[in-house]
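The chain contents come next:
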Amino acid sequence: MTQTIGHTTPAKPGLPPVPGQSVPVAGHRPTGIAAVRFLDFRTIHDPSGNLTPIEESLDVPFDIRRVFFLYDVPGGAERGGHAHRTLEEVVIAISGSFDVVTEDGIAHARYSLNRAYYGLYLPPMVWMNLENFSSNAVALVLASQPFDESDYFRERTDYLNVARGVIQARDSTNHA
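Residues numbered from 1 in each chain as written. Predicted model: local features only at pLDDT ≥ 70, side-chain atom pairs only at ≥ 80, totals over all residues. Heavy atoms only, no water.

## Regarding the pattern of salt bridges
Thought 1: The tally for this structure, following the rule as stated, stands at 6 salt bridges.
Thought 2: A salt bridge links Arg42 to Asp59; the shortest N-O distance between them is 2.7 Å. Pair noted here: Arg42 is in the loop between strand S2 (37–40) and strand S3 (66–71) and Asp59 is in the loop between S2 and S3, with a separation of 17 residues, a long-range link.
Thought 3: Take Arg42: its relative accessible area is 37%, and that puts it in the partly exposed class. (Salt bridge = Lys/Arg side-chain N within 4 Å of Asp/Glu carboxyl O. Helix = DSSP H or I, 4+ residues; strand = E, 2+ residues; numbered from the N terminus. Buried < 20%, exposed > 50% of the residue type's maximum accessible area, 1.4 Å probe, protein only.)

Shown next, in the form of structure tokens:
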């Protein structure tokens with residue numbers, strides 16, 4: 001499944017990428033690719049320049065505990081290549097464009113980001129890569145937790161074993 005933000009394919013930011021999927025509510029956060037979704041941030045238009053505010057728990061579904069950005073990514077390079085056990089993130093293309101490629105052990109999806117007023121929400125237990133960076137691209141990441149190396153899956157095989165186990169356990173519970 002591919003969903004693109006920008007001039008090539010109209011998208012419906014703020015909605016889940018697949019019709020019929022639910023949006024997380026406070027206190028309950030689904031994991032996996034079913035919970036990946038676009039967030040449409042408010043824009044305050046002004047002739048002297050636009051402003052997009054982002055407030056924790058209002059514009060993103062978590063308290064923001066860490067902010068970082070990626071820039072000067074060489075052509076052809078990829079970033080990411082990991083998943084988180086519990087951390088949630090929102091990825092925003094502040095400048096330029098790039099793709100976010102996700103998977104959860106079963107499904108895959110690619111999202112193209114190229115507008116500063118859209119973000120892509122990534123729940124826990126989603127493997128992600130950032131690719132196809134344009135010249136001068138800047139990726140801003142809002143995270144729900146401070147850096148903690150123990151929260152990372154760095155080896156894809158380890159991640160897939162755990163993710164598929166979580167999916168199997170969920171499926172067996174739903175069929176019981």
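## Comments concerning the packing of aromatic side chains
Thought 1: Counting across every chain of the model gives 7 aromatic pairs.
Thought 2: When the centroid spacing of 5.5 Å and the interplanar angle of 80 degrees are considered together, the rings of Phe38 and Tyr111 count as edge-to-face. Here Tyr111 lies in strand S7 (residues 108–113) and Phe38 lies in strand S2, a separation of 73 residues in the sequence. Note on accessibility: Phe38 and Tyr111 belong to one class, buried.
Thought 3: When the ring of Phe147 is compared with that of Tyr152, the centres are 5.5 Å apart and the planes differ by 50 degrees; the resulting orientation is tilted.
Thought 4: Taking relative accessible area as the criterion, Phe147 reaches 46% and is therefore assigned partly exposed.
Thought 5: Overall, the relative accessible area of 11% leaves Tyr152 in the buried class.
Thought 6: Ring-pair connections join several aromatic residues into one group, and the members of that group are Trp127, Phe153 and Tyr159. (Phe/Tyr/Trp six-rings, centres within 6.5 Å; stacked < 30°, edge-to-face > 60°.)

## Let's talk about unusual backbone geometry
Thought 1: At Asp72, a position not held by glycine, the phi torsion is positive, near 55 degrees.
Thought 2: Structurally, Asp72 is set in the loop between S3 and strand S4 (79–84).
Thought 3: On the accessibility criterion, Asp72 (65% relative accessible area) is exposed.

## Points about the sheet that holds S2
Thought 1: Taken in spatial order, the 5 strands make up an open sheet running S2-S8-S5-S10-S3, and their pairing is antiparallel. With one partner strand each, in any of the chains shown, S2 and S3 form the two edges of the open sheet. The average angle at which neighbouring strand axes cross in this sheet is 25 degrees, direction not considered.
Thought 2: Two elements, strand S5 (residues 89–95) and strand S10 (residues 138–143), share 6 bridges in a ladder whose sense is antiparallel. Directly across from Val90, in S10, lies its bridge partner Leu142. (Pairing = 2+ DSSP bridges. Axes fitted to C-alpha atoms, helices over the stretch in contact; angles between N-to-C directions.)

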